[in-house]
Amino acid sequence: HLSNLSDDKGFFEVAETYEALRDQGSDAELHLAGPILSDEVRARLQALISSSNGRVRHHGPVFGTEKRDFYRSLDLFVFPTNFDQEAAPSVIYESLAAGRPVLSTNRGCISEMIIGERGAILPARDGFAPAALRYLQTFDSSDVAVLARATTIKAGMKTEAETSRAQYAALMSLLGAKEPGHMVQEY
């Protein structure tokens, strides 16, 4: 999970999901990145860390290559956002660009971003952790599966980017732009 660590961005659902996995005997690790936004989050995070035998780690805010490496180190990115004004979160695009599938909630354009091998859209709030556990029962985290999934996700993202570039160029041409990104302003 990478975001502002807050209720709105799904921190408590992430914590609940990890605890449920741990209670089932999983040796899963939880890596969190981003600033802590409340004392309630800080307290819950400290409790998670102290009860995890080193399997929960807070990386703090990450940027640049550290952020890229954070995504690449994951098997799965979890982003159960509850933010009312969520649109197309860059963290989802960043995870997908690293070839990592995403578990998220249906906000804004997220259900259009996460399709097929890219992960799953799960219920919000109380329904998230049980649905995540069901998803994880069939999730293959072997090196072969991770590589195959990453290859598929990256290929899909590349195709999507090429389509977007072509649509943008066509739109700019239609609008009379002289160069991509520079519209002719005539009133």
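These notes cover the structure that comes with them.

What counts as what
Residues numbered from 1 in each chain as written. Predicted model: local features only at pLDDT ≥ 70, side-chain atom pairs only at ≥ 80, totals over all residues. Heavy atoms only, no water. Helix = DSSP H or I, 4+ residues; strand = E, 2+ residues; numbered from the N terminus. Polar contact = N/O pair within 3.5 Å; in protein donor to acceptor, adjacent residues only side chain to side chain. Salt bridge = Lys/Arg side-chain N within 4 Å of Asp/Glu carboxyl O. Phe/Tyr/Trp six-rings, centres within 6.5 Å; stacked < 30°, edge-to-face > 60°. Buried < 20%, exposed > 50% of the residue type's maximum accessible area, 1.4 Å probe, protein only. Patch = residues over 30% accessible without salt bridge, like charges linked within 9 Å, V, L, I, M, F, W, Y side chains within 5 Å. Areas by Shrake-Rupley, 256 points an atom, 1.4 Å probe, with all protein chains shown as cover. Pairing = 2+ DSSP bridges. Axes fitted to C-alpha atoms, helices over the stretch in contact; angles between N-to-C directions. Expected span 1.5 Å × (residues − 1). Contact = heavy atoms within 4.5 Å.

1. Thoughts on the side chain of asparagine 82
So, step 1. Relative to the helices and strands, asparagine 82 resides in the loop between β3 (77-79) and α4 (90-97).
So, step 2. For asparagine 82, the side chain forms a polar contact with the side chain of glutamate 13, separated by 3.1 Å.

2. Describing the pattern of salt bridges
So, step 1. Tallied over the full model, the rule gives 11 salt bridges.
So, step 2. Between aspartate 39 and arginine 42 there is a salt bridge whose closest N-O contact spans 3.6 Å. Pair noted here: aspartate 39 and arginine 42 are both in helix α2 (residues 39-50), with a separation of three residues, about one helical turn.

3. Some words on the packing of aromatic side chains
So, step 1. Applying the stated criterion across every chain yields a total of five aromatic pairs.
So, step 2. Centroid distance phenylalanine 11 to phenylalanine 12: 5.2 Å. Interplanar angle 75°. Geometry classified as edge-to-face. Considered together, phenylalanine 11 and phenylalanine 12 belong to a single accessibility category, that of buried residues.
So, step 3. Members of the aromatic cluster, each reached through a chain of ring pairs, are Phe70, Tyr71, Phe77 and Phe79.

4. Some remarks on a nonpolar patch on the surface
So, step 1. A surface patch of nonpolar side chains, amounting to about 320 Å² of accessible area, comprises Leu171, Leu174 and Leu175.
So, step 2. With respect to the secondary-structure elements, leucine 175 resides in the segment after α7 (143-174).

5. Quick notes on the sheet that holds strand β5 (residues 119-122)
So, step 1. Strands sit in the order β3-β4-β5 across an open sheet of three strands; the sheet is parallel. Both edges of this open sheet fall to β3 and β5, since each of them pairs with a single strand only. Pairs of neighbouring strands in the sheet enclose a mean axial angle of 15°, with direction left out of account.
So, step 2. The pairing of β3 with strand β4 (residues 102-105) spans three bridges and is parallel. Bridging from a neighbouring strand, valine 78 pairs with leucine 103 of β4.

6. Digging into helix α1 (residues 11-23)
So, step 1. With 13 residues, α1 ought to run about 18 Å at 1.5 Å a step, and its terminal C-alpha atoms sit 18 Å apart, in line with that.
So, step 2. Taken as a whole, α1 has its buried residues at Phe11, Phe12, Glu13, Val14, Ala15, Thr17, Tyr18, Ala20 and Leu21.
So, step 3. Considering only its buried residues, α1 is in contact with β1 (30-32), α2, β2 (56-58), β3 and α6 (128-137).
So, step 4. Positive phi shows up at glycine 25, right after α1, with a value of about 90°.

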